[in-house]
Amino acid sequence: MEEELLMIPGPVPVLPRIREAMTKPMIFHRGDEFGAMYEEIVETLKDIYQTRNDLFVLSGSGTCAMEAAIGNLVSNETKLVCITIANGKFGERFGEIAVRYKADAVTPVNVNVNFEWGHSIELEAVKEALENSSSSDPKSKIVTMVHNETSTGILNPAKEVGKLARKHDAVFVLDCITSIGGDKVPVDELGADIAIVGSQKCLGAPPGLSALSVSEHAWEMIRENERRPYYMDLIAYKKSLEKKQTPYTPALPLFFALHEALAVIREEGMENRIERHRGMAKTVRDAVTGLGLRLFPKLNEVSDYSNTVTAIEIPIADGSITDEQLRGGMRKRGVIVAGGQGKLKGKIFRIATMGNITEREVMKTIQVLEEVLVGNEFIKK
Ligand SMILES: Cc1ncc(COP(=O)(O)O)c(C=O)c1O
């Protein structure tokens, strides 16, 4: 049976050499071989992140690192304001996690700066939330945002928000789960105190690992929190890293795969990789608009189209084609694209161009999309 072509925002197709790495015999996770591999993984990720901050790899998917970030900063005993800036499903997730970590309604205070899904973040509203929070009782502040909002295909203004966060002395937590490894994400320059990536996205590795960087500014707040999570205690991660280890048994086959995926990235070079990702996303945008479809994001002067996932409206309004006809038709032809999530279900579909996907697969996807649109008489040939 022919393999299906996964054009979804993770898990992405994994190159045979990366898959094969997972079949290596197990090694002693407290031995030198693991230590050398872990050190190389951490150093390569720091290069990709362009960060001098600490960095750890967690045996858990992206959400695990999101929860690790919030759980280490926030507890019901810490007085702080957590400002979640959201314009899509994943931005909102940070708010949901923050709510879980507070047992009482007073501390910490959660301020949600919500924008409509698919709309851009307005810096004025962020500024206002930060200024208003300065007059409230808790002095410590956290700002959370998603860099590349996968649910809507928008690239959010990390640098601008980072600047605002710094001005208000807030710890800035940035979900770069679907941007790092595929787009330019100079973490320190963006002012991200905690930056997160997922293995199964632009890094081109299998699902199950995530990484996060932690700045000194974030450590100051983490050290104050005596109710940190146990399994994801970042201070335990920091102590273990000094011995080139993880605190608990790492998911070894996934570490082998990530190590190999990072070797692939080094061979390609980050600049080339970013250019390839940008090129593929542009090819998709040009092709779908050329086919008469509309891109979903509503941009403003500080936002952009994502360079790793393209969100496209399903032209349901004119009754020409449904989600099932469109994605189902593509699936029958061997290409899997993603649907809309939550309230966007049935309204948009998403084509991801992440990891080790090439223009060849992009062209196949476009060709199949065109066939389905013609087959459903959305376009005439
Ligand atoms: C921006 C973003 N954040 C968080 C997540 C959640 O990651 P995971 O499914 O790896 O837990 C995703 C997954 O698609 C994502 O795209």
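The rules behind the values
Residues numbered from 1 in each chain as written. Predicted model: local features only at pLDDT ≥ 70, side-chain atom pairs only at ≥ 80, totals over all residues. Heavy atoms only, no water. Helix = DSSP H or I, 4+ residues; strand = E, 2+ residues; numbered from the N terminus. Rg over C-alpha atoms; globule rule 2.2 N^0.38 Å. Buried < 20%, exposed > 50% of the residue type's maximum accessible area, 1.4 Å probe, protein only. Contact = heavy atoms within 4.5 Å. Axes fitted to C-alpha atoms, helices over the stretch in contact; angles between N-to-C directions. Parallel < 35°, antiparallel > 145°, perpendicular 65-115°, else oblique. Left-handed = near helix turned anticlockwise from the far one by under 90°. Nonpolar A, V, L, I, M, F, W, Y, C, P; charged D, E, K, R; others polar. pLDDT = per-residue confidence, 0-100. Near = heavy atom within 4 Å. Polar contact = N/O pair within 3.5 Å; in protein donor to acceptor, adjacent residues only side chain to side chain. Pairing = 2+ DSSP bridges. Domains from an automatic or database assignment. Buried area = accessible area lost by both parts, 1.4 Å probe. Salt bridge = Lys/Arg side-chain N within 4 Å of Asp/Glu carboxyl O.

Draft legend 1. Geometry of the overall build of the protein chain. Along its length, the protein chain carries 13 helices and 14 strands. Relative to its length of 381 residues, the protein chain is compact, with a C-alpha radius of gyration of 21 Å against a globular reference of 21 Å. Counting only C-alpha atoms, the protein chain reaches 65 × 55 × 35 Å along its principal axes. The burial tally for the protein chain puts 60% of its 381 residues in the buried class. Here the analysis covers contacts within the protein chain between residues at least 6 apart in sequence; of these, 75% occur between residues at least 24 apart.

Draft legend 2. Representation of the packing of helix 11 (residues 270–290) against helix 13 (residues 359–375). Across the interface, helix 11 lies against helix 13 with an axial gap of 10 Å and an inter-helix angle of 15°. The orientation of helix 11 with respect to helix 13, classified from their angle, is roughly parallel. At the point where helix 11 passes helix 13, the crossing takes the right-handed sense. In contact with Gly 279, Met 280, Thr 283, Val 284, Ala 287 and Val 288 of helix 11, helix 13 contributes Glu 359, Val 362, Met 363, Ile 366 and Leu 369. Looking at the contact of helix 11 with helix 13, its residues break down into eight nonpolar, two polar and one charged.

Draft legend 3. Representation of the confidence of the model for the protein chain in the model. Across the protein chain, the average pLDDT comes to 94, with 96% of residues at 70 or higher. Contacts for the low-pLDDT stretch residues 103–107, under 50 throughout, to residues beyond four places or in other chains number six contacts.

Draft legend 4. Geometry of the site of the ligand. Around the ligand, 14 residues are found, and the nearest of them are Ser 61, Thr 63, Thr 150, Asp 175 and Lys 201. In this structure, an oxygen atom belonging to the ligand sits 2.9 Å away from a main-chain N or O atom of Gly 62. Within the side chain of Lys 201, a nitrogen or oxygen atom sits 2.6 Å from an oxygen atom of the ligand. For the shell around the ligand, the secondary structure elements donating two or more residues are helix 3 (62–73) and helix 4 (89–100).

Draft legend 5. Seen up close, the sheet that holds strand 7 (residues 154–155). Here we have three strands laid out as an open sheet, ordered 6-7-11, and antiparallel in their pairing. The sheet terminates laterally at strand 6 (148–149) and strand 11 (304–305), the two strands that pair on one side only. Bridging between strand 6 and strand 7 involves two bridges; their strand directions are antiparallel. The residue of strand 7 that forms the bridge with Asn 148 is Leu 155.

Draft legend 6. Representation of the domain arrangement of the protein chain in the model. Per the domain assignment, the segments making up the protein chain are domain 1 (5–11 + 270–375) and domain 2 (16–264). Computed over C-alpha atoms, the centres of domain 1 and domain 2 are 27 Å apart. Note on domain 1 versus domain 2: buried area summed over both sides is about 2500 Å², and carbon and sulfur give 57% of it. Our enumeration of links across domain 1 and domain 2 arrives at one salt bridge. Put simply, Asp 183 and Arg 278 hold a salt bridge, and the shortest N to O gap is 2.8 Å. Taken together, domain 1 and domain 2 are joined by 16 residue pairs in polar contact (both at pLDDT 80 or more).

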